[in-house]
Amino acid sequence: MEKYTVHIENIVTGEKSLKTITENQLDENILNAFDISTESDFEDIFLTDRSYMVYGKMPYVLVDGKLQWDVQFRDVTVRQFINTYNIVDGKINVKTGYPAVSGAGLAMVDDVWNCFLNDILPAIISICEIINATDVIKRSFVSLRNKLKKEQNKDVFPDAITDAIYRKNAWNHYELSEELDNEVEDAKNLLKGLGYSWDRTRLLFVISDDDKKERIKKFSKLVEMKNKTGYSR
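Small disclaimer: the values here were computed from a predicted structure and weren't measured. (Residues numbered from 1 in each chain as written. Predicted model: local features only at pLDDT ≥ 70, side-chain atom pairs only at ≥ 80, totals over all residues. Heavy atoms only, no water.)

Peer 1: Any chance you could explain helix α4 (residues 134-151) here in plain terms?
Peer 2: Since the α-helix packs 3.6 residues into each turn, any two residues three or four apart lie on the same face. End to end, α4 covers 26 Å across 18 residues, agreeing with the expected 26 Å (1.5 Å per residue, within 8%). Of the positions making up α4, those classed as buried are T134, I137, K138, S140, F141, L144, R145 and L148. Projected down its long axis, α4 carries its buried residues within an arc of 160°, all on one side. In this structure, α4 carries R139, K150 and E151 as exposed residues pointing more than 90 degrees from its buried face. (Helix = DSSP H or I, 4+ residues; strand = E, 2+ residues; numbered from the N terminus. Expected span 1.5 Å × (residues − 1). Buried < 20%, exposed > 50% of the residue type's maximum accessible area, 1.4 Å probe, protein only. Arc of directions from axis to C-beta.)

Peer 1: I keep staring at the packing of aromatic side chains and nothing clicks. Help me out?
Peer 2: We describe a pair of aromatic rings using the distance from one ring centre to the other and the angle between the two ring planes. With the rule as written, the count across this model stands at 12 aromatic pairs. With 5.7 Å between their ring centres and 75° between their planes, F42 and F73 make a pair best called edge-to-face. In this pair, F42 is assigned in strand β3 (residues 40-42) and F73 in the loop between β5 (66-72) and α2 (78-84), connecting sequence segments 31 residues apart. F73 carries the same exposure label as F42, and that label is buried. By way of ring pairs, the aromatic residues F34, F42, Y60, W69, F73, F81 and Y85 are connected into one cluster. Above the ring of W171, the side-chain terminus of K168 is found at 4.4 Å from the ring centroid. (Phe/Tyr/Trp six-rings, centres within 6.5 Å; stacked < 30°, edge-to-face > 60°. Lys NZ or Arg CZ within 6 Å of the ring centre and 35° of its normal.)

Structure follows, in structure tokens:
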């Protein structure tokens, strides 16, 4: 088994500690195994906005090959965490001690989606030079949002969805469709809209780190909106 070490820092006291995860802890929930509180932030995992964690939820977790959304820390096992977030170097950084905050209201989620669909996504698409596909790509994102509201009773932030996609630089669109539980064509549209291009040699949709960083910069307006509402720290 690969060794995993949790590096924990309390932002209030400055206290730092290390915790080694053993094989028999893989099926424990992360609260117990990592010895953390619900007001914790996992660094170096989320690309656009890490405010999700400060009210005790992971924005998404891969469970039996399907993405689940807004999952309580207590319901996430170490194994699921490692598999979802591609922990390959064995190091997990956690900061604790954030003040508890409540989740966003429905109006807030609508505002963020409007910002994403009308400002951020068109800006990303313009870089990709596929402006003629903007409406189709928007419909695929809206379709996924509506599906999650109907089937999982979750109104998911768009940046949670984009983070779930951006966690990989190469995607088989059938695999993404399986994880999102949506149509294959919609999965392809999501990838194209976020800047992935088809690699005929690898038969995958791919994006480079530099291209991904360029597109993630476009999310600054969305993060600023969350900050103004008091939702994000």
